[in-house]
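# Observations on the three-dimensional arrangement
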Amino acid sequence: MCASQTCRAAFFDTSQSRTRKWCDMNTCGNRQKKARLNANQRKNRTGARMSTS
Ligand SMILES: [Zn+2]
């Protein structure tokens with residue numbers, strides 16, 4: 001099951017380490033990464049919105 005809250009798609013973990021969390025690293029994985037980045041940056045800049053999608 002994909003770890004993304006917005007996706008929740010079922011996928012087959014084909015990675016060697018079996019540590020894959022998302023159905024697609026390029027979509028859900030990136031989203032999670034960005035979310036974490038945003039959470040970190042929120043400390044530094046509050047209110048600054050970058051619309052990089
Ligand atoms: Zn997903």
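Now for a description of the structure that goes with this document. (Residues numbered from 1 in each chain as written. Predicted model: local features only at pLDDT ≥ 70, side-chain atom pairs only at ≥ 80, totals over all residues. Heavy atoms only, no water.)

### Side note on the overall build of the chain
Secondary structure summary: the chain contains one helix and zero strands in total. Going through the 53 residues of the chain one by one, you find that 13% of them count as buried. For the chain, restricting intrachain contacts to residue pairs at least 6 apart in sequence, the fraction spanning at least 24 positions comes to 14%. Accessible surface for the chain amounts to roughly 4,900 Å². Of this, 48% is attributable to carbon and sulfur atoms. (Helix = DSSP H or I, 4+ residues; strand = E, 2+ residues; numbered from the N terminus. Buried < 20%, exposed > 50% of the residue type's maximum accessible area, 1.4 Å probe, protein only. Contact = heavy atoms within 4.5 Å. Areas by Shrake-Rupley, 256 points an atom, 1.4 Å probe, with all protein chains shown as cover.)

### Observations concerning the coordination of the zinc ion
Within the protein, the atoms that donate to the zinc ion are Cys2 (SG), Cys7 (SG), Cys23 (SG) and Cys28 (SG), at distances of 2.3 to 2.4 Å. Here the zinc ion binds four donor atoms, and the angle range of 104 to 117 degrees at the metal identifies the geometry as tetrahedral. The class for Cys2 is buried, based on a relative accessible area of 3%. (Donors = N, O, S within 2.8 Å, 3.2 Å for Na, K, Ca; no water. Tetrahedral: all angles 85-135°; square planar, octahedral: opposite > 155°, others 65-115°.)

### Here's the deal with the environment of Cys23
In this structure, Cys23 sits in the segment before helix H1 (25–44). Its relative accessible area of 23% is what places Cys23 among the partly exposed residues. Note: C-alpha distance between Cys23 and Ser4 (19 residues apart in sequence) is 8.6 Å. Dropping the residues within four chain positions of it, Cys23 is found in contact with Cys2, Cys7, Ala9, Phe11 and Cys28.

### Considering the side chain of Ser4
Assignment of secondary structure puts Ser4 in the segment before H1. Dropping the residues within four chain positions of it, Ser4 is found in contact with Trp22, Cys28 and Gln32.

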